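Each chain is listed here by its residues.
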Amino acid sequence: MAQKGQLVAASNVSPVPWLPEAPLYADSFRCNVKEFLHLYGRKVPLNGLRRATAYIVELESPNGVTRLHIYDEKLDEKDGAVCDQCRCMGWQHHPVCNSKYHFIIPSEATLEDTRQLTAVVEGIYLKRLPLSFKWTAPAADEQEDDEGGPYNAAASVFESQDHLLHGVLHSNGYGHLLRMNGSQGGSRRLIGKQLLTIWDRICVLLRAREVSTEDVSNKSGMLLRVLHTAAFGTTWYGKMGYSFGRGSFNITPEQYAAAVAAVQSTPLSAITADFQLVQQLGYGGNGTLQAIVQHYSSKGELDWSSGAVHSRLNNFCWAGITAENCWQLEILLHSAQ
C-alpha cells in the first residue's frame, strides 16, 4: 500500500540527531536545497563518480554525530522520463526533472566496506582515505555510461536495501521515502522513530511538496501496516501525517477507511464464531489466537472489539515483548489483579 505524507514536523521523539540551529526557508524546494547544501553541506571530492555530487551534513545529538549523506544526482534522457515511484502514485503528469537529491544515512556494515560508495565518501570526509582514492563500482554491478566511465552501481548506493534511511526528493519538490531500517533492520544507533523524524524534519525544512512511501513495515515478523491500523486506526507512518495514497486493485480511500472501521469494530464474539467454524472444517493452528479470545471471554470481555484487543497487545509488542508471549502476559496481569 502506498501512502503520501502531509509533512508535519514531529518533536515527540528524543533525542533525535539534527542541526544545532535549523534555518527557516520560505522559497521553493529547488532553491532551498541548494542554499541548505551551501550552508551545511561539505562537498566530498570523489574520483570515479559520474553525474552525481556527494555531500555530508553532520546532525548532532547528545549521543554523538550522525552523518547524513546527500547525493545530487543529475539525470539524462536515457534514465527515463518518469520516476517509477511517481508513476505508482499517479504523479507522472509532473514536469520531468533533470536532478534529484538522495538523503542517506548508511548502515554501520556498509561503512566498513570500501567497495561501497557511502564508505568511500565517509572515508574521504573523515580523512581515513586519501583524496586521490578512486571509487569503482563492484564488477558484478558495474555500469558504463556513454563516456566509458563507471557510474553508480545499484548495490553501492541508490538502490541498496541496507541503508538505515534513504529518501529521495526531486527538484520539483515531490519525493519518496524508499528505505528505512531501524533496530530490527540492523541499526545499532537509531531506532525507526528517530529515523522517520529525521526524514520528516528534512522534508519540512526544505519545503517538500508531497512525499510517498510504500508501507512494508513490520515488527517481530508481523505486518505492521495491518496490525497497527487494526489497533489504532492508522498505519505506523500515520504518526507523521502519512495517509492512504494509492492502493492495489483500484481500492479507493473510502473503501480503505470502511475496511479499517470494520476490522476495528469487529466484536470478539464474531471472532469466536469464526474459530468454531474453522474447527468444524478440520483446520487448526497453534492455538495462540484461540487462547487470546478465550481469555477475554472468560473475563466477561467478549464485547471488546478487535481494535481494542489489538491496541492492548500492540503496546506490549512496542515494549519489546514478542507477539507469541503477549497473550501470556495478559493472563498474568489479569491474574494479579
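Everything discussed here concerns the structure shown above.
Keep in mind the model is a prediction, meaning the values are calculated, not measured. (Residues numbered from 1 in each chain as written. Predicted model: local features only at pLDDT ≥ 70, side-chain atom pairs only at ≥ 80, totals over all residues. Heavy atoms only, no water.)

Caption draft 1: Looking closely at the nonpolar core. Counting residues in each nonpolar core, the largest one holds 37 residues, and the members touching the most others are Phe36, Phe103, Leu196, Trp199 and Leu206. Every element with two or more residues in this core is listed here: helix H1 (29–40), strand S3 (52–61), strand S4 (64–74), strand S5 (99–105), strand S6 (165–170), strand S7 (174–180) and helix H5 (192–205). If one sorts the elements of this core by residue count, H5 sits on top with seven residues. Once residues lying within four places of it in the same chain are set aside, the contact partners of tryptophan 199 are Phe103, Leu165, Gly167, Val168, Leu169, His176, Leu177, Val211 and Tyr242. The next biggest cluster of nonpolar side chains, apart from the first, holds 16 residues, and it includes Ile56, Tyr71, Leu117 and Tyr125. (Core = buried A, V, L, I, M, F, W, Y, C linked by side-chain atoms within 4.5 Å. Buried < 20%, exposed > 50% of the residue type's maximum accessible area, 1.4 Å probe, protein only. Helix = DSSP H or I, 4+ residues; strand = E, 2+ residues; numbered from the N terminus. Contact = heavy atoms within 4.5 Å.)

Caption draft 2: Seen up close, the packing of aromatic side chains. The tally for this structure, following the rule as stated, stands at eight aromatic pairs. Residues tyrosine 237 and tyrosine 242 carry aromatic rings whose centres are separated by 5.8 Å and whose planes lie at 70° to one another, so their mutual orientation is edge-to-face. With respect to burial, tyrosine 237 and tyrosine 242 carry one shared label: buried. Every member of this aromatic cluster is reached through a ring pair, and the members are Trp236, Tyr237 and Tyr242. (Phe/Tyr/Trp six-rings, centres within 6.5 Å; stacked < 30°, edge-to-face > 60°.)

Caption draft 3: Up close: the side chain of threonine 110. Looking at the element boundaries, threonine 110 is found in helix H3 (residues 108–111). Take threonine 110: its relative accessible area is 6%, and that puts it in the buried class. Beyond its immediate chain neighbours, meaning those up to four positions away, threonine 110 contacts Gln116, Thr118, Ala119 and Asp162.

Caption draft 4: Spotlight on unusual backbone geometry. For lysine 127, which is not glycine, the phi dihedral falls at a positive 65°. Considering the arrangement of structural elements, one finds lysine 127 in the loop between helix H4 (117–125) and S6. Judged by relative accessible area, which is 68%, lysine 127 ranks as exposed. For arginine 207, which is not glycine, the phi torsion reads 60° and is therefore positive. The residue arginine 207 is located in the loop between H5 and strand S8 (210–214) in this model.

Caption draft 5: Structural context of the pattern of salt bridges. According to the stated counting rule, one finds four salt bridges in the structure shown. The closest approach of N and O atoms between aspartate 84 and arginine 87, which form a salt bridge, is 3.7 Å. Of this pair, aspartate 84 and arginine 87 both sit in helix H2 (residues 84–89), three residues apart, roughly one helical turn. With a closest N to O distance of 3.1 Å, arginine 189 and glutamate 108 form a salt bridge. With arginine 189 in the loop between S7 and H5 and glutamate 108 in helix H3, the pair connects residues that are 81 residues apart, well separated along the chain. Under the relative-accessibility criterion, arginine 189 is labelled partly exposed at 39%. (Salt bridge = Lys/Arg side-chain N within 4 Å of Asp/Glu carboxyl O.)

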